[in-house]
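# Residue-level structure breakdown
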Amino acid sequence: MTTGASVDAMDEAASERLRRWRLVLGGEAADGTGCALSGRDAAMDGALAALYGKGDKPQSGRDRSAGLGASAPSVARWLGDIRTYFPSSVVQVMQRDAIDRLGLSALLLEPEMLEAVEADVHLVGTLLSLNKAMPETAKETARAVVRKVVENLEKRLATRTRATLTGALDRSARVDRPRHHDIDWNRTIAANLKHYLPEYGTVVPERLIGYGRAARSVKKEVVLCIDQSGSMAASVVYASVFGAVLASMRSIDTRLVAFDTAVVDLTDQLDDPVDVLFGTQLGGGTDINRALAYCQSQITRPMETVVVLISDLYEGGIRNEMLKRVAAMKASGVQFVALLALSDEGAPAYDREHAAALAALGAPAFACTPDLFPEVMAAAVEKRPLPIPDTV
């Protein structure tokens, strides 16, 4: 027998389902659900309707403004509303949708708008693409927004990156006469198995293998070569942060090169990734061959160099020359890493023919999340197989 409390709970659950469906469906007062909204729910519905109330396709012409209007104040109020009613992760998605669906990029050039937005990697990419058109009155605010995102990323990524690469550098600097605390016991035992004494149940280590100290005996060179075409915006942001982290390590000589159809060396700005980001110019064509030619000209110690190409591989330059350069670098001892993207979203679009050609040269191309990047770099430094995701 159903108790009164159970009935009340069932009714409450049903009402909540109707409420959620009403918010999803939008429309007029009830939209066929029999559920009317009021108070906070009505305000949430209004914020959603302003963005999604005219269908799923991007609008054009006057319809493009949908329910937000064309003025910065109305959009700023809407941004404040969604931050009030939705969690940060949802706010960021809605902001990206507003920029894509409603053509709000131009309004981001106004300081009051920048102060109202929820900053994330995608917003930074949008701001960088607008950099050249940005009025002086908005640039200071834009830099503050970008710096906030960059500092958050550094806090998330820097410590683990330094720790992972320091260990890799130590392991790559093995010495033949290590001190006791520098002995690599796993490799020492493997190298001395032929000296196993069964009657004693032990191995006599005639040859010791140890770790060196990276700061004293090893210095690796890392070249980050970043495609700054518009589709690579998030990757440019993450690569700039990682470039600054690597540059802070004494045992790694880091160079950062950005390219479209031209090549710009941003190495001298690596002490501040915000300067690096504002030194890029998102958009334009792509000439990977030209960029790799420049990187190749900067390599002085190929056996101790890691080149990381971050690109969707859509080449506007000379394809065969690009592949020849990769082959030449690998033949000289360079560790070559090809990342289709350095972001949490993966690489939905890339040149599969070029990716296959690189794989045939022993340089598999794959998308890499920021959390995996330290492991990829550690593997490249130690010259062991890269930890390629299963999704490749």
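Reference entry: report on the structure contained in this document. Everything quoted here is computed from the prediction, not taken from an experiment.

Let us look at helix H13 (residues 319-331). The first and last C-alpha atoms of H13 sit 19 Å apart over 13 residues, in line with the 18 Å expected at 1.5 Å per residue. If you check which residues of H13 are buried, you get Met 322, Leu 323, Val 326 and Met 329. Projected onto a plane normal to the axis of H13, the buried residues spread over an arc of 125° and lie on a single side. Away from the buried face of H13 by more than 90 degrees, exposed residues Lys 324 and Ala 331 are located. Buried residues in H13 make contact with helix H12 (288-298), strand S6 (305-310), strand S7 (335-342) and helix H14 (352-360). Just downstream of H13 lies Gly 333, where phi reads positive at about 110°.

Take the environment of Val 121 next. Among the secondary structure elements, Val 121 is positioned in helix H6 (residues 121-129). Along the backbone, Val 121 and Gln 92 are 29 residues apart, and their C-alpha atoms lie at a distance of 9.5 Å.

The subject of this paragraph is the sheet that holds S6. In space, the 6 strands of this open sheet follow the order S5-S4-S3-S6-S7-S8, with mixed pairing throughout. In this open sheet, the two strands that pair with only one neighbour each are strand S5 (263-265) and strand S8 (365-368). Put simply, the sheet's adjacent strands are angled 25° from each other on average, direction ignored. In terms of strand pairing, strand S3 (residues 220-227) meets strand S4 (residues 252-259) through 8 bridges, oriented parallel. Bridging from a neighbouring strand, Val 222 pairs with Thr 254 of S4.

Thresholds, definitions, all that
Residues numbered from 1 in each chain as written. Predicted model: local features only at pLDDT ≥ 70, side-chain atom pairs only at ≥ 80, totals over all residues. Heavy atoms only, no water. Helix = DSSP H or I, 4+ residues; strand = E, 2+ residues; numbered from the N terminus. Expected span 1.5 Å × (residues − 1). Buried < 20%, exposed > 50% of the residue type's maximum accessible area, 1.4 Å probe, protein only. Arc of directions from axis to C-beta. Contact = heavy atoms within 4.5 Å. Pairing = 2+ DSSP bridges. Axes fitted to C-alpha atoms, helices over the stretch in contact; angles between N-to-C directions.

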